[in-house]
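Residues per chain are reported as follows:
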Amino acid sequence: MACPVSIICRALRNVGLVLFYYVFSIGITFYNKWLMKGFHFPLFMTLVHLTIIFCLSALTRCAMQCWTRKPRVTLGWKEYLYKVAPTALATALDIGLSNWSFLFITISLYTMTKSSAVLFILFFSLVFKLEEPNPFLILVVLLIASGLFMFTLKSTQFNLEGFIMVLLASFIGGIRWTLTQVLMQKAELGLQNPIDTMYHLQPLMFLGLFPLFVLNEGLGLSTTEKLFRVSELQPLLYSLLTLSVGGTLAFGLGFSEFLLVSRTSSLTLSIAGIFKEVCTLLLAVGFMGDKMSMVNWLGFVVCLSGISLHVGLKTYYSKGNEHDINM
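Not measured: the values here are computed from a predicted model.

### A look at the packing of helix H2 (residues 42–68) against helix H3 (residues 77–101)
Thinking step 1. For the pair H2 and H3, the least separation of the axes is 8 Å and the interaxial angle reads 135 degrees. By the angle between their axes, H2 is oblique relative to H3. Seen from above, H2 lies across H3 with right-handed handedness. Contacts between H2 and H3 involve Pro42, Leu43, Met45 and Thr46 from the former and Ile95, Gly96, Asn99 and Trp100 from the latter.
Thinking step 2. Counted by class, the contact of H2 with H3 contains 5 nonpolar, 3 polar and no charged residues.

Spelled out as structure tokens, the structure:
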């Protein structure tokens, strides 16, 4: 039987890990929204973030290799292009569209719409047979879908263009996380460690997003006074600094998710994600001036109920499977 001191220490450690995750997850959402107010090049910002994540992942891999004295996995070109590329393209489009939407919509609408990704992850998990069909899943879908409808109903700050971008990002996010799960579960690839996965994904993500950046932002960025036509050094340094901070937050988010899951469980991350949505929405209303009616709040509660039910079902059936294995 565990002593009370060890239980308290474990609880404090878990709380600390969750707060560490919240700092990066909530922080990057508000930071990107703030940055988009004065820097209207979200795709270029995403490319800078990908470059920083790759560099920090490479440094982390070197540090881990020096510490463990074991070489890190490096995929060959054939495996890299055929097995990693689909995941990289889906991830790039998900992140790129999500950041792009900040030019048009509020954080509260972004948060709610992005939570619909659970529906698409569920759908693609069934398609790829990562999840068993269950009648309760129909209720999960209905709760999340109706909650999202209620949240957008008669919203005074609704923007159709931004909403479609986030909804499309959520759809692609469903493909992204399903493919990521498949990728990390393939033992022969050796990408179980998210740092290795991040390292291998970033270059292909950059190449996948670059054509979209050239078409939409290339000319505008080349003539902006914030970067290439800068007349003074200070604005240029300021732009580079703000972009670098966002990239560091993006890397920290991936690292904090890995740390939380490895030291606790994926269930803890899922439950923490639910409360993170609540915190994000409350902060958006309190500090960003987002406006929400009673119907919008009710829709948010209904949507969270669907997500909570999905998490509860996954916990129940995973425990049932463990019990059957032990029998």
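### Quick look at the nonpolar core
Thinking step 1. If you look at the biggest cluster of nonpolar residues, it comprises 75 residues, and the most contacted ones within it are Leu35, Phe39, Phe44, Val84, Ile144, Phe151 and Leu243.
Thinking step 2. Per-element accounting of this core gives the leading share, 11 residues, to helix H1 (residues 4–36).

### Observations concerning the packing of H3 against helix H8 (residues 194–223)
Thinking step 1. Interaxial distance between H3 and H8 falls to 7 Å at its minimum, and their mutual angle equals 50 degrees. When the axis of H3 is compared with that of H8, the two are oblique. Relative to H8, H3 is oriented so that their crossing is right-handed.
Thinking step 2. In terms of residue class, the contact of H3 with H8 is built from 16 nonpolar, 6 polar and no charged.

### Side note on the environment of Asn216
Thinking step 1. Mapping Asn216 onto the fold places it in helix H8.
Thinking step 2. Residue Asn216 is classed as partly exposed on the basis of its relative accessible area, which comes to 42%.
Thinking step 3. A sequence separation of 175 residues divides Asn216 from Phe41, and the C-alpha atoms of the two residues are 9.0 Å apart.
Thinking step 4. Ignoring any residue separated from it by four or fewer positions in sequence, one finds Asn216 in contact with Leu43 and Trp100.

### Concerning the packing of aromatic side chains
Thinking step 1. Following the criterion strictly, the structure yields 13 aromatic pairs and no others.
Thinking step 2. A ring pair is formed by Phe39 and Phe44, whose centres lie 6.3 Å apart and whose planes are at 40 degrees; its orientation type is tilted.
Thinking step 3. Seen from their ring centres, Phe206 and Phe210 are 5.9 Å apart, and the 15 degrees between their planes marks the pair as stacked. Residue Phe206 and its partner Phe210 are both found in helix H8; the two are separated by 4 residues, about one turn of the helix.
Thinking step 4. For Phe206, a relative accessible area of 27% puts it in the partly exposed group.
Thinking step 5. Of the aromatic side chains, those joined through ring pairs into one cluster are Phe39, Phe41, Phe44, Phe206, Phe210 and Phe213.
Thinking step 6. Above the face of the Tyr199 ring, Arg61 is positioned so that its terminal group lies 4.0 Å from the ring centre.

### Structural notes on the pattern of salt bridges
Thinking step 1. Within this structure, the stated rule accounts for 3 salt bridges.
Thinking step 2. A salt bridge links Asp196 to Arg72; the nearest nitrogen and oxygen atoms lie 2.7 Å apart. Taken together, the residues span a long stretch of sequence, with Asp196 in helix H8 and Arg72 in the loop between H2 and H3 at a distance of 124 residues. Comparing Asp196 with Arg72 shows no difference in burial state: the two are buried.

### Details of a nonpolar patch on the surface
Thinking step 1. Side chains of Trp77, Leu81 and Tyr82 sit close together on the surface and give an oily, nonpolar patch of about 450 Å² of accessible area.
Thinking step 2. Tracing the backbone shows Tyr82 in helix H3.

### Let's talk about the environment of Lys83
Thinking step 1. Structurally, Lys83 is set in helix H3.
Thinking step 2. Sequence separation of Lys83 and Leu189 is 106 residues, and the distance between their C-alpha atoms is 9.2 Å.
Thinking step 3. Beyond its immediate chain neighbours, meaning those up to four positions away, Lys83 contacts Leu183, Lys186, Glu188 and Leu189.

### Description of the confidence of the model for the protein
Thinking step 1. In this model, the protein carries an average pLDDT of 80, and 87% of its residues clear a pLDDT of 70 or more.
Thinking step 2. Here helix H11 (residues 294–326) stands out as the least confident element of the protein, with mean pLDDT 71; H2 is the most confident, with 92.

### A short note on helix H4 (residues 107–114)
Thinking step 1. The element H4 is extensively covered by neighbouring structure, given that 7 of its 8 residues are classed as buried.
Thinking step 2. Where H4 is concerned, the buried positions are Ile107, Ser108, Leu109, Tyr110, Thr111, Met112 and Thr113.

### Section: unusual backbone geometry
Thinking step 1. Despite not being glycine, Arg69 has its phi angle at roughly 65 degrees, a positive value.
Thinking step 2. Considering the arrangement of structural elements, one finds Arg69 in the loop between H2 and H3.
Thinking step 3. Of the residues examined, Arg69 reaches a relative accessible area of 72% and is grouped as exposed.

Conventions used here
- Residues numbered from 1 in each chain as written.
- Predicted model: local features only at pLDDT ≥ 70, side-chain atom pairs only at ≥ 80, totals over all residues.
- Heavy atoms only, no water.
- Axes fitted to C-alpha atoms, helices over the stretch in contact; angles between N-to-C directions.
- Helix = DSSP H or I, 4+ residues; strand = E, 2+ residues; numbered from the N terminus.
- Parallel < 35°, antiparallel > 145°, perpendicular 65-115°, else oblique.
- Left-handed = near helix turned anticlockwise from the far one by under 90°.
- Contact = heavy atoms within 4.5 Å.
- Nonpolar A, V, L, I, M, F, W, Y, C, P; charged D, E, K, R; others polar.
- Core = buried A, V, L, I, M, F, W, Y, C linked by side-chain atoms within 4.5 Å.
- Buried < 20%, exposed > 50% of the residue type's maximum accessible area, 1.4 Å probe, protein only.
- Phe/Tyr/Trp six-rings, centres within 6.5 Å; stacked < 30°, edge-to-face > 60°.
- Lys NZ or Arg CZ within 6 Å of the ring centre and 35° of its normal.
- Salt bridge = Lys/Arg side-chain N within 4 Å of Asp/Glu carboxyl O.
- Patch = residues over 30% accessible without salt bridge, like charges linked within 9 Å, V, L, I, M, F, W, Y side chains within 5 Å.
- Areas by Shrake-Rupley, 256 points an atom, 1.4 Å probe, with all protein chains shown as cover.
- pLDDT = per-residue confidence, 0-100.

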